[in-house]
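Notes for the structure review
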Amino acid sequence: MEIEELIYFIVEMMGTVAFATSGAMVAINKRVDIFGVLVLSSITALGGGCIRDILIGTLPPRMFSDYRYVTLAVAVALFVFLVAYIFRNHYQKSQKIVDSVNNVFDAVGLGIFTVTGVQVAIESGFKMNGILAVCLGVITGIGGGILRDVMLREIPFVLKKRIYALASIAGGIVYYNMFLANMDRTLSIVVAVAVTFVIRLLATIFKLDLPRVKLKEPQQDK
Amino acid sequence: MEIEELIYFIVEMMGTVAFATSGAMVAINKRVDIFGVLVLSSITALGGGCIRDILIGTLPPRMFSDYRYVTLAVAVALFVFLVAYIFRNHYQKSQKIVDSVNNVFDAVGLGIFTVTGVQVAIESGFKMNGILAVCLGVITGIGGGILRDVMLREIPFVLKKRIYALASIAGGIVYYNMFLANMDRTLSIVVAVAVTFVIRLLATIFKLDLPRVKLKEPQQDK
Amino acid sequence: MEIEELIYFIVEMMGTVAFATSGAMVAINKRVDIFGVLVLSSITALGGGCIRDILIGTLPPRMFSDYRYVTLAVAVALFVFLVAYIFRNHYQKSQKIVDSVNNVFDAVGLGIFTVTGVQVAIESGFKMNGILAVCLGVITGIGGGILRDVMLREIPFVLKKRIYALASIAGGIVYYNMFLANMDRTLSIVVAVAVTFVIRLLATIFKLDLPRVKLKEPQQDK
């Protein structure tokens, strides 16, 4: 059991690093100041888990009762900010590389937090309720990014582009069923994260979007 | 008692259908993809109740501990999306009808959720505190729409137009006082919902707005 | 002990008045209607404390279990609205004075809520965890303003300008350490609020901003 907890802790730390990196990059692109970068990066990394824990009534949220999550997220954000600040000419010229790194980290974070979200939901009494367990996993995976985008005055990316959410839903369903089937925990994590990661990246590369109702009038804003 | 619970359940389901429909229509108008429509529609329908339950400490929120609410909201949103998608030419041409349907459903949802919100607040220990009970009713009624509008990068409609909130406050006060006066529950629900509904629709038809401070400088955004 | 509670209550009431005033002024400038002014003003005043109480699991939030906070915030907002409405020509001409008053009240509110936030965190089991205690203080101080700005479709001021957050962090650290050092409570409050207030106002007067990564491409929005 202890080893299992350790595995989840390490996986969650990896997710925190991934989302904090991606969140910091998005914030830097929007020209917020260093504090804004730290806050938005932390919110991207910890926000989804906080919403999940609030919804299931685990208060204070786990990411808030253990100072290591906040500290790690802030440290990562500070590192990304300093790199971007010191090498800003290179940072700017390599916008395509930055975007790719951002996408990869974001996909890793999405996969990891979806999986840990489903796991926490299962442990919190949603074991026999697949719909809500997967729902909570998806909220954990996409919640932080939504909070960040709302604070940056963007319509959340996840609502508009690249089957982002579908990747999270798929990973959540895979993990939930591998859990019910009592399969090896580490294997389940790896497979479910991989499913999310691959769908998310394929969607980005091939620019896949979900269908929408194409109305003809000019769109109101911009 | 069981019949009473059943009545509230049915009323709440009706409110969920009304708000999910209206939320889906607003989302479709903003050109988000199918997943965005499902999410925004669910948030419109369940968001207010979630905020209320978080505030009163009923966790997980009722709308999240019973999978039927989520399922119903998603099903309704899917249905509206498919209708709009398949008949998009008609959907577009009949924008005025769509807007009217949207307004009616939104008014019904507002009335219902205000009432159930006050009821839940009363049951949760706010019985002798009318101000906060009505407050929680209004939050239940308008919270989902505010979350939706914020995610769609709109200044929440409720803050700007058509005495929307006043309708909710009026309905909440009526229900709270009919409850204190120990009047028939079903009658109280019907009367309070009707009050909200009528005020809301009259305000839309006659374009009634609340007063605001008219400053002369050009407004900053749009 | 009772005197201590009374002191915190009075201080918190002062913070509520300060933030409600400043919130109402911001809302009036954005041309929302009277209800919008009341809501946004209340959210500015009570929002930070609500987020903090949700995160530490004190539900209903203190600002919601005691009707005096809501009542006071609404009364202040109504007063500001009426003054601005009746004297709108003067209000408009004296925009600079209004902005100054707004800044002073906002700085007072920021200092007070940071301090009470740290205090509540300490009482709620974060006594030995300075990072999270200060974190919760800052959330209490800046949370209401962030909610208000998000609802008004602004990128939160705190993320962009005038070392706003740094002032709150500094005040929080001062208060936390004076508490640990067991210094006189009233003195601790006064010193910590003063630290926040002075940093915040100096930053406004001298237009101090935190560093950001200056990318050369034209900014996307606006």
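The written sequence of each chain sets the order in which its residues are numbered from 1. Labels are handed out in written order, letters beginning with A for the chains and numbers beginning with 1 for the ligands. pLDDT decides what is reported in this predicted model: residues at 70 or higher carry local features, side-chain atom pairs at 80 or more are listed and counted, and totals for whole chains, interfaces and linings draw on all residues regardless. Heavy atoms from the whole structure form the basis of all side-chain values; hydrogens and water molecules are not counted.

This paragraph deals with helix 1 (residues 2–29) of chain C. Taking 1.5 Å of rise per residue, the 28 residues of helix 1 of chain C would be expected to cover 40 Å, and the 41 Å separating its terminal C-alpha atoms lies within 8% of that figure. Numbering goes from the N terminus for both helices and strands, where a helix is a DSSP run of H or I of at least four residues and a strand is a run of E of at least two. In the stretch just after helix 1 of chain C, Arg31 of chain C is the one whose phi turns positive, near 65 degrees. How far a helix is expected to stretch is found by multiplying one less than its residue total by 1.5 Å.

Looking now at the interface of chain B and chain A. How big an interface is tends to be reported as the loss of accessible area on association of its parts. Taken together, the contacts link 33 residues of chain B with 37 residues of chain A. A 1.4 Å probe defines the accessible area here, and the buried area is the portion of it lost by two parts on being joined, summed over both. Summing the contributions of chain B and of chain A, the shared interface buries around 3200 Å²; its carbon and sulfur component is 67%. Ranking the residues of chain B by area buried against chain A places Arg31, Phe64 and Arg153 of chain B at the top, with a combined share of 25%. Residues adjacent in sequence count toward polar contacts only when both atoms are side-chain atoms; beyond that, a polar contact is any pair of N or O atoms within 3.5 Å, and within protein one must be able to donate a hydrogen and the other to accept it. Where chain B touches chain A, the interface holds zero residue pairs in polar contact (both at pLDDT 80 or more). The element best represented in the side of chain B that touches chain A is helix 2 (residues 34–56) of chain B, accounting for seven residues. When residues are grouped by polarity, Ala, Val, Leu, Ile, Met, Phe, Trp, Tyr, Cys and Pro land in nonpolar, Asp, Glu, Lys and Arg in charged, and all others, Gly among them, in polar. Of the residues belonging to the side of chain B that touches chain A, the class tally is 21 nonpolar, six polar and six charged. In what follows, a contact means two residues having at least one pair of non-hydrogen atoms within 4.5 Å.

On to unusual backbone geometry. All names here are of chain A. In this structure, Pro60 follows Leu59 across a cis peptide bond, with omega equal to -5 degrees. Relative to the elements of secondary structure, Pro60 occurs in the loop between helix 2 (34–56) and helix 3 (62–65). Unusually for a residue other than glycine, Arg153 sits at a positive phi of about 65 degrees. Residue position: Arg153 is located in the loop between helix 7 (130–151) and helix 8 (164–180).

Let us now look at the packing of aromatic side chains. Residues and elements named next belong to chain B. Between rings of Phe, Tyr and Trp, where Trp is taken as its six-membered ring, a pair exists when centres lie within 6.5 Å; planes separated by under 30 degrees are stacked, by over 60 edge-to-face, and by other angles tilted. Enumeration over the complete set of coordinates arrives at nine aromatic pairs over all chains. For the ring pair Phe9 and Tyr69, a centre distance of 6.1 Å and an interplane angle of 70 degrees mean the geometry is edge-to-face. Of this pair, Phe9 sits in helix 1 (residues 2–29) while Tyr69 sits in helix 4 (residues 67–86), placing them 60 residues apart in sequence. We classify Tyr69 as buried; its relative accessible area is 3%. Relative to Phe113, the ring of Phe19 lies with its centre 5.4 Å away and its plane at 25 degrees, an arrangement referred to as stacked. On the criterion of sequence distance, the pair formed by Phe19 in helix 1 and Phe113 in helix 6 (residues 95–126) is long-range, its members being 94 residues apart. Placement of a charge over a ring requires the Lys NZ or Arg CZ to be within 6 Å of the ring centre, with the centre-to-atom vector within 35 degrees of the ring normal. The ring of Tyr85 is capped by Arg88, whose NZ or CZ atom sits 4.9 Å from the centre of that ring. When accessible area is computed with a 1.4 Å probe and restricted to protein chains, residues below 20% of their type maximum are described as buried, those above 50% as exposed, and intermediate ones as partly exposed.

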